[in-house]
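Fold and geometry: a report
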Amino acid sequence: MADEVYLMVIAPHPDDSEFGVAGTVARLTGEGKKVVYIICTNGDKGSNDRKMTPEKLAKIREKEQRAAADLLGVSEVVFLGYPDQGLEDNHDFRKALVRVIRQYRPYIVATADPYRKYMWHRDHRITGQVAADAVYPYARDHMAYPELLKEGYEPHKVREIWFWGTEDPNFRSDITDTFDKKLAALACHKSQFDVSKEMKERITGFAKTNAQGEKFKMAEAFHRVEMRY
Ligand SMILES: [Zn+2]
């Protein structure tokens, strides 16, 4: 059904979705599938400009994220508004993710792989872990967060989780025809970086490496988990 949400992207910061999954998002929306973005933090620490304030930066980053999402055909962008570098694996954050999963009822959730070894942004690690926990068992079980049930959020079974930034890829998604859109979406995040020649080459290299052994030329790679309930 066209109106059902096929993919929910749960991103730690504005711009993470574009690095992780934007080419796939553009392909799916092009096929008529519905995609929603959940942006966990407001990204208000991502600047080395000493004159920038967190309030101003959060507003800029929201605008940049909306522009990128519009370009990719994303239906809705939900900003949870947690402070950058401020996520915790706790009741409050988990419940916020369970609420949006039960509300939008996606077939697939895409998020950051929490199990990357060594250095990995704390918000990425926590988002991935809490998103996975929210999918299973919390979103599924009616007795988890009974207050959500009272608010009308019925349990929901997400069918697949795709983790980006993974060291253990087992699924490669074709982005050959949408790679330029991914670059254009990345370029919306002007407060964070310019898509320089070097950056373009680096991202092109990753996309080609990700597609090795496949019939297509460019890919985004994920660790994909198919849920068995
Ligand atoms: Zn990030």
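See the structure above.
Rules behind the numbers
Residues numbered from 1 in each chain as written. Predicted model: local features only at pLDDT ≥ 70, side-chain atom pairs only at ≥ 80, totals over all residues. Heavy atoms only, no water. Donors = N, O, S within 2.8 Å, 3.2 Å for Na, K, Ca; no water. Tetrahedral: all angles 85-135°; square planar, octahedral: opposite > 155°, others 65-115°. Helix = DSSP H or I, 4+ residues; strand = E, 2+ residues; numbered from the N terminus. Buried < 20%, exposed > 50% of the residue type's maximum accessible area, 1.4 Å probe, protein only. Polar contact = N/O pair within 3.5 Å; in protein donor to acceptor, adjacent residues only side chain to side chain. Contact = heavy atoms within 4.5 Å. Phe/Tyr/Trp six-rings, centres within 6.5 Å; stacked < 30°, edge-to-face > 60°.

Further remarks concern the coordination of the zinc ion. In this structure, His 13 (ND1), Asp 16 (OD), Asp 16 (OD) and His 124 (NE2) serve as the protein donors to the zinc ion, at separations of 2.0 to 2.3 Å. Classification of the site at the zinc ion rests on its 4 donor atoms, whose angles at the metal span 56 to 137°, yielding the label irregular. Each donor residue of the zinc ion belongs to the same chain, with the gaps between them written as H-x2-D-x107-H. On the criterion of sequence distance, the pair formed by His 13 in the loop between strand E1 (5-11) and helix H1 (16-30) and His 124 in helix H4 (residues 122-138) is long-range, its members being 111 residues apart. With respect to burial, His 13 and His 124 carry one shared label: buried.

Once that is clear, we can look at the side chain of His 156. Along the polypeptide, His 156 turns up in the loop between helix H5 (146-150) and strand E5 (160-164). Here Arg 105 takes part through its backbone oxygen, which lies 3.5 Å from a polar atom of the side chain of His 156. Residues within four places of His 156 in sequence aside, it is in contact with Ile 101, Arg 102, Arg 105, Pro 106, Ala 139 and Arg 140.

Here the structure, examined in full by the defined rule, presents 8 aromatic pairs. Note on Trp 162 and Phe 171: the rings are 4.9 Å apart at their centroids and 55° apart in plane angle, and the pair reads as tilted. Residue classification places Trp 162 among the buried residues on the basis of a relative accessible area of 4%. Seen in terms of ring centroids, Trp 162 and Phe 222 are 5.4 Å apart; in terms of plane orientation they differ by 40°. Their pairing is tilted. Of the two residues, Trp 162 sits in strand E5 while Phe 222 sits in strand E7 (residues 219-226), which places them 60 residues apart along the sequence. With respect to class, Trp 162 is no different from Phe 222; both count as buried. Taken together, Trp 162, Phe 171 and Phe 222 form an aromatic cluster joined through their ring pairs.

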